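# Overview (structure and organization)
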Amino acid sequence: VKAAERAYTGFLTKLRIDIFKSWADELLSKGYSPIKDADIFRSAANVINTFTSRGGLGRLDKIAPELSVLFFSPRLNASRFNALNPVWYSRLPKEIRYKAIGDFAKFVGTGLTTLALIKLWQGDEVDVETDPRSSDFGKIRIGNTRLDIWGGFQQWARVFSQLITGERKNTTTGEVVSLNKEEYPFTTRKDVLLRFIEGKLAPVPALINELMSGAKTFTGDDITFETIVKEKFIPMYIQDIADAYADSG
């Protein structure tokens, strides 16, 4: 496990260094100095870290290890939020802001093009959900399998859409329901936001939350010794293999 973690960390570190070198060479060629224009070079590093899933936590950076005990990958979640946050871009120097917006636009454009081509090609077993109020928004559905090409951005887009519109689309029936405690299924915007936050909890806090919420798992199943062992102690990739085998053989 440690060797795999080192390989993963080493790859991302080299990727970030290579991209920063490319950006820095471009800035140097335009006459910028890493001494006089330190903020520009520092902002470039910040953008590269954010776009490679290592977002800054602001004043909470000092307690990042402690936050990891409570939440699953807090820097990853921060990076996704920042990349979708117009305020974050506005605080960047203009030289870096234009480059950051351009790179993110390429990412979004590539993803939308991919989904559009699949939408044109889709058959009875393949579909692409285009309604941002649905949990399947932006995903490729092949039978019972969902493929998410957005690397964590889809969840934020879906939650923002549901909070703004006050509506949610049922992935099974396709029915659009109002987020109103007076109407079925009696879910509010607050419930959507709290459920989203609960989904970001680390395994142990998530288990405690589930037990305190009435002994139900995040997916609504009864908590048993078997479900605790499966969800909290078996590596996720092994769970995925088991689910794929159960679904497709």
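Bear in mind that the values here come from a model prediction, so they are computed numbers and not experimental data.

We now examine the overall build of the protein chain. Along its length, the protein chain carries eleven helices and five strands. With the C-alpha coordinates of the protein chain rotated into their principal frame, the extents come out at 60 × 45 × 40 Å. A buried classification covers 29% of the 249 residues belonging to the protein chain. Intrachain contacts of the protein chain at a sequence separation of at least 6 include 46% that bridge at least 24 residues.

Let us now look at the confidence of the model for the protein chain. With 96% of its residues at a pLDDT of 70 or more, the protein chain shows a mean pLDDT of 88. Highest mean pLDDT in the protein chain belongs to helix 2 (residues 38-51) (96); lowest belongs to helix 10 (residues 225-233) (73).

Moving on, we get to the packing of aromatic side chains. Applying the stated rule across the entire model yields ten aromatic pairs. Summarising the aromatic geometry, the rings of phenylalanine 107 and tryptophan 150 are spaced 5.7 Å apart at their centres and angled 85 degrees between planes, so their arrangement reads as edge-to-face. Within this pair, whereas phenylalanine 107 is found in helix 6 (residues 94-121), its partner tryptophan 150 is found in the loop between strand 3 (145-148) and helix 7 (153-165), the two being separated by 43 residues in sequence. By relative accessible area, which is 31% here, phenylalanine 107 ends up partly exposed. Here tryptophan 156 and phenylalanine 160 contribute two aromatic rings whose centre-to-centre distance is 6.0 Å and whose plane-to-plane angle is 50 degrees, an arrangement assigned as tilted. Placement of the pair is tryptophan 156 and phenylalanine 160 together in helix 7, with a separation of four residues, close to one helical turn. Through pairs of rings, three or more aromatic residues link up here, namely Phe51, Trp88, Tyr89, Phe104, Phe107, Trp150 and Phe153.

The next point concerns the sheet that holds strand 2 (residues 139-142). Strand pairing in a sheet is mediated by backbone hydrogen bonds. Such pairs are either parallel or antiparallel. Strand order in the open sheet formed by three strands is 1-2-3, with antiparallel pairing between adjacent strands. The sheet is open, and its two borders are formed by strand 1 (126-128) and strand 3, each paired with just one other strand. Taking the axes of each pair of neighbouring strands and ignoring which way they run, one obtains an average angle of 20 degrees across the sheet. Where helix 6 meets the sheet, it contacts strand 1 and strand 2, and its direction lies at approximately 135 degrees from that of strand 1.

A surface patch of nonpolar side chains, about 360 Å² in accessible area, is lined by Phe81, Leu84, Phe160 and Ile164. Residue classification places phenylalanine 160 among the partly exposed positions, given a relative accessible area of 32%.

To continue, consider the pattern of salt bridges. Taken as a whole and assessed by the stated rule, the structure comprises 13 salt bridges. Here arginine 141 ties to aspartate 136 by a salt bridge, and the two come within 3.6 Å at their closest N and O atoms. Across the salt bridge formed by arginine 146 and aspartate 136, the nearest N and O atoms sit 2.8 Å from each other. Placement of the pair is arginine 146 in strand 3 and aspartate 136 in the loop between strand 1 and strand 2, with a sequence separation of ten residues. Residue classification places aspartate 136 among the buried residues on the basis of a relative accessible area of 5%. Residues joined in a network through salt bridges with shared partners are Lys119, Asp127, Asp136, Arg141 and Arg146.

Definitions and limits used
- Residues numbered from 1 in each chain as written.
- Predicted model: local features only at pLDDT ≥ 70, side-chain atom pairs only at ≥ 80, totals over all residues.
- Heavy atoms only, no water.
- Helix = DSSP H or I, 4+ residues; strand = E, 2+ residues; numbered from the N terminus.
- Buried < 20%, exposed > 50% of the residue type's maximum accessible area, 1.4 Å probe, protein only.
- Contact = heavy atoms within 4.5 Å.
- pLDDT = per-residue confidence, 0-100.
- Phe/Tyr/Trp six-rings, centres within 6.5 Å; stacked < 30°, edge-to-face > 60°.
- Pairing = 2+ DSSP bridges.
- Axes fitted to C-alpha atoms, helices over the stretch in contact; angles between N-to-C directions.
- Patch = residues over 30% accessible without salt bridge, like charges linked within 9 Å, V, L, I, M, F, W, Y side chains within 5 Å.
- Areas by Shrake-Rupley, 256 points an atom, 1.4 Å probe, with all protein chains shown as cover.
- Salt bridge = Lys/Arg side-chain N within 4 Å of Asp/Glu carboxyl O.

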